[in-house]
Amino acid sequence: MNDALRITGVTITPVAFRDPALLNAVGVHEPYALRAIVEIDTDQGITGLGETYADEGHLHRLRQAAEAVTGMDVHALGAMYGRLADMLNGQTGTDGHGLTGVITSGGTVDRVFSPFEVACLDIQGKAAGRSVSDLLGGAVRDRVPFSAYLFYKWRGHPGAEDDLWEEALTPDQIVAQARRMVDTYGFSAIKLKGGVFPPDQEIEAIRALRAAFPGLPLRLDPNAAWSVETAIRVGRELDGVLEYLEDPTPGLQDMARVARDVPMPLATNMCVVAFEHLAPAVEHGSVRIVLSDHHYWGGLHRSKLLAGICDTFGMGLSMHSNSHLGISLAAMVHLAAVTPNLTYACDTHWAWKTEDVIESGTLAFENGAVRPPQGPGLGVELDRDALARLHEQYLQCGIRNRDDTGYMQLIDPSWAKRIPRW
Ligand SMILES: O=C([O-])[C@@H](O)[C@@H](O)[C@H](O)[C@@H](O)C(=O)[O-]
Ligand SMILES: [Mg+2]
């Protein structure tokens, strides 16, 4: 029996979608966020979808990978990973903004492989009439909880129309943002993106959130904007208030120093971002929670491997998010549905997004959670008109690499990126 499903072609389409002026430790989001949509065609006419970053270096590697995988069977994922590793031959990418830590050569392979793996799983599922959750071993939960992801933000981008969300620069405005997000989506946990204002201001915002939402777990993520001393001080002040503190300071060693002296667990999507970081993180006790992200952990199977390692070493698992579209959300939800030890509500930037490339209706938030799509494969369909529109937006917007720092400096030339800043 020959049941191979061979790849006959891959189309990679960079898209840009509107993004509000969200502030973080390295600057401010540009008016458009970039993604690349990966479509894989096969000899049986079944197509699959993946979604990933779209910075120029990554796009270049994706295009090389597209050639390398053409002709392969969509079931040969191990061989595909090996072929891409050989092709990349030790190259390392960068994420430009530095918010997802140091990218190693292994991490570069993982980033490139991920959207191809997801698209192949979409095809395998469509061919078998089964969902991606089924292919990954079967869902252990039928709804995947997400957290409200709050950002300090400006009213709108300078010189542009206001976006749909109010300014949020004070504790009261942050509480108002949380109220609207929780009321709209029903989120069951709240994360504040910090590292924007001096730590005492962010402590005040967290305290205001605590008072306004006594029953919801809270998280604060300053993206390594604090020194060890500052991180310990803030951690102690927020004793009993935070569910976890995310990436207070840079580096495995310094995270370990903070971890020893603060009461709450530390979480990361910056110092443990590739498999080679896990052993030293365990040895030093740097973190108790890893935020997984299939876009840079090498797809869904390798994210399950990460989950197993976390389980073995008694580490908790949560899920990280950048600005993303619906193909990514579908993949995240399938992965989260099959991962028993994903014990925290996942992050998503979903609430900040007003445009998408998928047909609407498949992915809905209900009480802060999303049900894994039931259809075969990922269960989402590409909206070709929307894809064409967002690709045109990419061509017109002029942004080719995410650069929160450069954009901030255009607005305030005196602004400098400093990690840690306080
Ligand atoms: O989009 C942002 O500004 C976030 O700061 C993002 O880039 C981070 O990678 C992420 O959300 C995080 O949890 O660190
Ligand atoms: Mg983070």
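Here the residue numbers are simple positions, counted from 1 along each chain's written sequence. Chain A is the first chain written and ligand 1 is the first ligand written, with later ones labelled in order. Local features in a predicted model are, by the rule used here, given only for residues with pLDDT of at least 70; side-chain atom pairs are given and counted only at 80 or more, and totals for whole chains, interfaces and linings are based on all residues.

*Asks:* How should I be thinking about the overall build of the chain in this particular structure?
*Replies:* Along the chain, the regular secondary structure elements total 13 helices and 15 strands. The C-alpha atoms of the chain give 20 Å as radius of gyration, which agrees with the globular expectation for 422 residues (22 Å, within 12%). Seen through its principal axes, the chain has C-alpha atoms that stretch 65 × 50 × 40 Å. The buried share of the chain, taken over its 422 residues, is 52%. Taking contacts inside the chain between residues at least 6 apart in sequence as the whole, the part at least 24 apart equals 73%. The helix count covers DSSP runs of H or I at least four residues long, the strand count covers runs of E at least two residues long, and both are numbered beginning at the N terminus. Just to be clear, the radius of gyration here is over C-alpha atoms, and the globule rule we use is 2.2 Å times residues to the power 0.38. To assign burial, the other C-beta atoms lying within 10 Å of each residue's own C-beta are counted, with C-beta atoms placed from the backbone; 20 or more indicates buried, 12 or fewer indicates exposed, and intermediate counts indicate partly exposed. Placing a C-beta atom from the backbone of each residue, one calls two residues in contact when those atoms lie within 7 Å.

*Asks:* Would you take a moment to explain helix α8 (residues 252-261) for this structure?
*Replies:* For the α-helix, the turn length of 3.6 residues means that residues three or four positions removed from each other point alike. All of the buried residues along α8 are Asp254, Met255, Val258 and Ala259. Across the axial projection of α8, the buried residues extend over an arc of 145 degrees, all falling on one side. On its buried side, α8 packs onto α7 (228-237) and β11 (266-268). Here the arc refers to the directions that run from the helix axis out to each C-beta atom.

*Asks:* What exactly am I supposed to notice about the pairing of strand β8 (residues 190-193) here?
*Replies:* For a regular strand, the rule is simple: side chains alternate between the two faces of the sheet. The side-chain alternation of β8 yields two buried faces, one formed by Ile190 and Leu192 and the other by Lys191 and Lys193. Strand pairing follows a simple DSSP-based rule, namely that at least 2 bridges must link the two strands. Sheet analysis places strand β7 (residues 148-151) next to β8, joined by 4 bridges and oriented parallel. Looking at β8, one finds that Phe151 is bridged to Lys193. Place the viewer so that the strands point away; then a crossover is right-handed whenever the path from the first strand over the helix to the second strand goes clockwise. One crossover worth recording links β7 to the parallel β8 by way of helix α5 (residues 171-185), and it is right-handed.

*Asks:* I keep staring at the UniProt feature "domain: Mandelate racemase/muconate lactonizing enzyme C-terminal" (unreviewed entry) in the chain and nothing clicks. Help me out?
*Replies:* The feature "domain: Mandelate racemase/muconate lactonizing enzyme C-terminal" (unreviewed entry), as annotated in UniProt, sits at residues 171-265 in this numbering. Along residues 171-265 the backbone is 52% helical and 12% strand, and the end-to-end C-alpha distance reaches 24 Å. UniProt positions are given in the numbering used here, feature names are shortened, and annotations may be inferred rather than shown by experiment.

*Asks:* So what exactly am I meant to see when it comes to the site of ligand 1 here?
*Replies:* We count a residue as near a molecule or strand when its backbone-placed C-beta atom lies within 6 Å of that partner. Around ligand 1, 12 residues are found, and the nearest of them are Asn24, Leu99, Asp221, Asn269 and Asn322. Classification convention: Asp, Glu, Lys, Arg as charged; Ala, Val, Leu, Ile, Met, Phe, Trp, Tyr, Cys, Pro as nonpolar; all other residues, Gly among them, as polar. Residue classes in the shell around ligand 1 are distributed as 2 nonpolar, 8 polar and 2 charged. A domain-level breakdown of the shell around ligand 1 finds at least three residues from each of domain 1 (7-134 + 385-411) and domain 2 (138-378). The domain limits used here are those given by an automatic or database domain assignment.

*Asks:* When you look at the packing of α7 against α8 in this model, what are you seeing that I'm missing?
*Replies:* Helix packing geometry: the angle between the two helix axes and the distance between the axes. In this description, a line fitted to the C-alpha atoms serves as the axis of each element, helices being fitted only across the stretch in contact, and the angle between N-to-C directions of two axes falls anywhere from 0 to 180 degrees. Close contact between α7 and α8 brings their axes to 9 Å; oriented N to C, the two are set at 30 degrees. Overall, the two elements α7 and α8 adopt an arrangement that is roughly parallel. The crossing of α7 and α8 is right-handed. For the pair α7 and α8, contact is made by Val228, Ala231, Ile232 and Gly235 and by Asp254, Arg257, Val258 and Asp261, respectively. For classification, angles of less than 35 degrees are called roughly parallel, those exceeding 145 degrees roughly antiparallel, those between 65 and 115 degrees roughly perpendicular, and all remaining angles oblique. Left-handed is the label given to a crossing in which the near helix is rotated counterclockwise from the far helix by less than a right angle, and right-handed is the label when the rotation is clockwise.

*Asks:* Before we go on, may I ask you to explain the environment of Asp261 in this structure?
*Replies:* Position of Asp261 among the secondary structure elements: in helix α8. Here the alpha-carbon distance between Asp261 and Glu229, two residues 32 residues apart in the chain, equals 9.8 Å.

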